[in-house]
Amino acid sequence: IRDEGLKNIQSAVDVKSIRENIKVKLLGKKGPITKALRGIKDLPVEERPKVGSYANKVRDELQTALDAKIDELEAAKLNQQLAAETIDVTLPGTPVSSGHPHVIQSIVDQITDLFLGMGYEVLSGPEVEEDKYNFEMMNLPKDHPARDMQDTFYITDEILMRTQTSPMQARTLEKHDFAKGPLKMISPGVVYRRDTDDPTHSHQFHQIEGMVVDENITMADLKGTLELLTHQLFGDKFNVRLRPSYFPFTEPSVEADITCFNCMGKGCNVCKGSGWIEVLGAGMVHPNVLQNAGVDAEKYTGFAFGLGPDRLAMLKYGVNDIRDFYLNDVRFLSQFN
Ligand code: PHE
């Protein structure tokens, strides 16, 4: 039994047949060893230990041989598989086409990262907004002529599609607890205006609002922040210039220009010969805006800005039709991967 068993084990070629045939046949309940061990009780007493220990020894020997053979076969199978699946790293790969962030989103992400690094909170607000936040609290009462600057999609008398991200100024000021520290936030998002779409107008576009309010915040903080943003985004060769302007919610108000991407300040037709391109509106938060939100305008001052990522992208990449960003033509968008 022993020799025959060992021979069968040695000549086995797969693990399955060892487990299902050889093991069952040799060591199973109906196998010869089990039978022999069971038969011991019928033997004369003095022969029992001898036969018993021999049967046990044979059983152990066969079991060890079985285990070894199984290990050997499994190792061989693994080696074979590894050999068959070897990767030829010199073969050219198969290109995988994958999506990527929209060019406007990449610009928003870059700017967001920068402000996060400076400890600003990043907030998002509702696109369907109350007149109260979009206009009234921003120092634009119902009959204010400057409402005409932003042609509005009204939903009801009191509800509208926000024309700017500035309502987030009012919403954040209203909630902020100055005992816990200064207010520093940016709020990127989509805004809507009742414009007829053309190469430079879209009824839907992006803005990033920014605001810092604390004691002793000055215009110098605004300029420093915008300079830092410009240098980080575009490089040290770019400069910022502030020009007086008007917004109802800032006083004084400015428009900020940066060095023209196209001519680097020399003057070209992209920048109408000035060497500068306008990128954002900004100013010192109007005391009325602070007061409307219940903030002590004697104690606190702040700056705010609103920049347009769409315009930035157009200037940076020489795109001359804003609608291209919204038509979702992959041939256009994949250029910015
Ligand atoms: N909300 C203004 C606009 O849409 C931009 C702005 C934001 C100006 C904050 C000043 C301060 O034109």
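If you're wondering where the values come from, they're calculated on a predicted model, not measured in any experiment. Residue numbering note: each chain is counted from 1, following its sequence as written. Thresholds applied to this predicted model are a pLDDT of at least 70 for local features of residues and 80 or more for the giving and counting of side-chain atom pairs; totals over whole chains, interfaces and linings are not thresholded and use all residues. To obtain the side-chain values, all non-hydrogen atoms of the structure were used and water was disregarded.

Visitor: What is the right way to read the packing of aromatic side chains from this model?
Guide: The description of an aromatic ring pair rests on the distance of the ring centres and on the angle between the ring planes. Classification of ring pairs uses Phe, Tyr and Trp, with its six-membered ring standing for Trp, and accepts pairs whose centres are within 6.5 Å; under 30 degrees between planes counts as stacked, over 60 as edge-to-face, and the remaining range as tilted. Enumeration according to the criterion identifies 10 aromatic pairs in this entry. Three or more aromatic residues joined by ring pairs make a cluster, and in this case those are Tyr317, Phe325, Phe332 and Phe336. Over the aromatic face of Tyr133 sits the side chain of Arg171, whose NZ or CZ is 4.1 Å from the ring centroid. The rule for a charge over a ring is simple: NZ of Lys or CZ of Arg within 6 Å of the ring centre, and within 35 degrees of the ring normal.

Visitor: What's the story with the UniProt feature "binding site: Mg(2+)" (unreviewed entry) in the protein chain in this structure? I'm lost.
Guide: UniProt positions are given in the numbering used here, feature names are shortened, and annotations may be inferred rather than shown by experiment. As annotated by UniProt and renumbered to match this structure, "binding site: Mg(2+)" (unreviewed entry) occupies Glu251. By definition, any uninterrupted DSSP run of H or I lasting at least four residues is a helix, any uninterrupted run of E lasting at least two residues is a strand, and each is numbered from the N terminus. Within the secondary structure, Glu251 is located in strand E7 (residues 250–259). A relative accessible area of 49% means that Glu251 is categorised as partly exposed. Not counting residues within four places of it along the chain, the set of residues in contact with Glu251 comprises Met284 and His286. The buried label applies to any residue whose accessible area, calculated with a 1.4 Å probe on protein chains only, is under 20% of its type's maximum; exposed applies above 50%, and partly exposed to all values in between. Should any heavy atoms of two residues lie within 4.5 Å, those residues are considered in contact.

Visitor: Where do I start with the sheet that holds E7 in this structure?
Guide: Sheet strands pair by backbone hydrogen bonding; their relative direction is either parallel or antiparallel. Strand order across the open sheet formed by seven strands is E1-E4-E5-E9-E8-E7-E6, with mixed pairing between neighbours. Of all strands in the sheet, those bounded by a partner on one side alone are strand E1 (121–122) and strand E6 (240–247). If DSSP finds at least two bridges between two strands, the strands pair. The sheet contact formed by E7 and strand E8 (residues 276–285) spans eight bridges and is antiparallel. Opposite Ile258, over in E8, you have Ile277 as the bridge partner.

Visitor: I would appreciate a short explanation of the side chain of His286 in the present structure.
Guide: Along the chain, the position of His286 falls in the loop between E8 and helix H9 (287–292). For His286, the residues in contact, after removing those within four places along its chain, are Asn139, Pro248, Phe249, Thr250 and Glu251.

Visitor: I tried to follow the UniProt feature "domain: Aminoacyl-transfer RNA synthetases class-II family profile" (unreviewed entry) in the protein chain on my own but got confused; where do I start?
Guide: This chain's UniProt record puts "domain: Aminoacyl-transfer RNA synthetases class-II family profile" (unreviewed entry) on residues 103–335. The straight-line gap between the two end C-alpha atoms of residues 103–335 is 9 Å; of that span, 27% is helix and 27% is strand.

Visitor: Help me understand the packing of helix H5 (residues 103–117) against helix H8 (residues 219–234) in this model?
Guide: Pairs of packed helices are described in terms of their axes, by the angle between the two and the distance that separates them. Think of each axis as a best-fit line through the C-alpha atoms, taken over the contacting stretch in the case of a helix, with angles from 0 to 180 degrees between the N-to-C directions. It is the contact of H5 with H8, at a shortest axis distance of 11 Å, that shows an interaxial angle of 125 degrees. Taken together, the axis directions place H5 and H8 in an arrangement best described as oblique. Between H5 and H8 lies a crossing whose hand is right-handed. Residues Gln110, Ile111, Leu114 and Phe115 of H5 form the contact with H8, whose own contacting residues are Thr225, Leu229, Gln232 and Leu233. Gly is placed with the polar residues, together with every amino acid not listed as nonpolar (Ala, Val, Leu, Ile, Met, Phe, Trp, Tyr, Cys and Pro) or charged (Asp, Glu, Lys and Arg). A per-class count over the contact of H5 with H8 returns five nonpolar, three polar and no charged. Oblique is the label for every angle not falling under 35 degrees (roughly parallel), over 145 degrees (roughly antiparallel), or within 65 to 115 degrees (roughly perpendicular). Helix crossings get a hand from a simple test, with the near helix turned counterclockwise from the far one by less than a right angle marking a left-handed crossing and a clockwise turn marking a right-handed one.

Visitor: How should I be thinking about the site of the ligand in this particular structure?
Guide: Within the structure, the ligand sits among 15 residues, and Gln164, Ser166, Arg193, Gln207 and Gly306 are positioned closest to it. Any N or O atom pair separated by 3.5 Å or less is treated as a polar contact, with the protein-specific requirement of one donor-capable and one acceptor-capable atom, and with residues adjacent in sequence counted only for side-chain atom pairs. Contact between the ligand and Gln164: a nitrogen atom at 2.8 Å from a side-chain N or O atom of the residue. Arg193 has a polar side-chain atom sitting 2.9 Å from an oxygen atom of the ligand. Methods summary: accessible areas were calculated by the Shrake-Rupley approach with a probe of 1.4 Å, and residue burial reflects only the protein chains presented. In isolation the ligand offers 320 Å² of accessible surface; the protein chains occlude 92% of this area. Residue assignment for the shell around the ligand shows that the elements contributing at least two residues are strand E5 (204–214), E8 and strand E9 (301–307). Ranked by residues supplied to the shell around the ligand, first place goes to E9 with three residues. Broken down by class, the residue content of the shell around the ligand amounts to five nonpolar, eight polar and two charged. Throughout, the term near means that a residue has one or more heavy atoms lying within 4 Å of the molecule or strand in question.

Visitor: Looking at this model, I keep getting lost on the state of the cysteines. Mind explaining?
Guide: Each disulfide is one covalent bond, formed between the sulfur atoms of two cysteines. Throughout, disulfides are identified as pairs of cysteine sulfur atoms within 2.5 Å of each other. The full count for this structure, using the stated rule, is zero disulfides. Not engaged in a disulfide, the cysteine Cys268 finds its nearest cysteine sulfur in Cys263; these two sulfurs lie 3.5 Å apart. The closest cysteine sulfur to the non-disulfide-bonded Cys271 is located on Cys263, 3.6 Å from its own sulfur. Classification of Cys271 as buried rests on a relative accessible area of 5%.

Visitor: Please explain the nonpolar core as it appears in this structure.
Guide: When a protein is soluble and globular, its nonpolar side chains tend to lie buried together. The term nonpolar core refers to a set of buried residues drawn from Ala, Val, Leu, Ile, Met, Phe, Trp, Tyr and Cys, joined through side-chain atoms within 4.5 Å. Ranked by internal contacts, the top residues of the largest apolar core, which has 47 residues, are Ile111, Leu280, Phe303, Phe305, Leu307 and Phe325. At seven residues, H5 tops the list of elements feeding residues into this core. With 25 residues, the next largest nonpolar core counts Tyr133, Ala146, Met168 and Ala170 among its residues.

Visitor: Would you take a moment to explain the pattern of salt bridges for this structure?
Guide: Oppositely charged side chains may form a pair once their charged atoms are brought near each other. For this analysis, a salt bridge means a side-chain nitrogen from Lys or Arg found within 4 Å of a carboxyl oxygen belonging to Asp or Glu. Overall, the coordinates contain 16 salt bridges when judged by the stated rule. Here Asp3 ties to Arg2 by a salt bridge, and the two come within 2.7 Å at their closest N and O atoms. Under the relative-accessibility criterion, Arg2 is labelled partly exposed at 28%. A salt bridge links Asp177 to Lys180, with the nearest nitrogen and oxygen atoms 3.8 Å apart. Take Asp177: its relative accessible area is 38%, and that puts it in the partly exposed class. Here the salt bridges share partners, and the residues they tie into one network are Asp131, Glu136, Lys142, Arg147 and Glu158.

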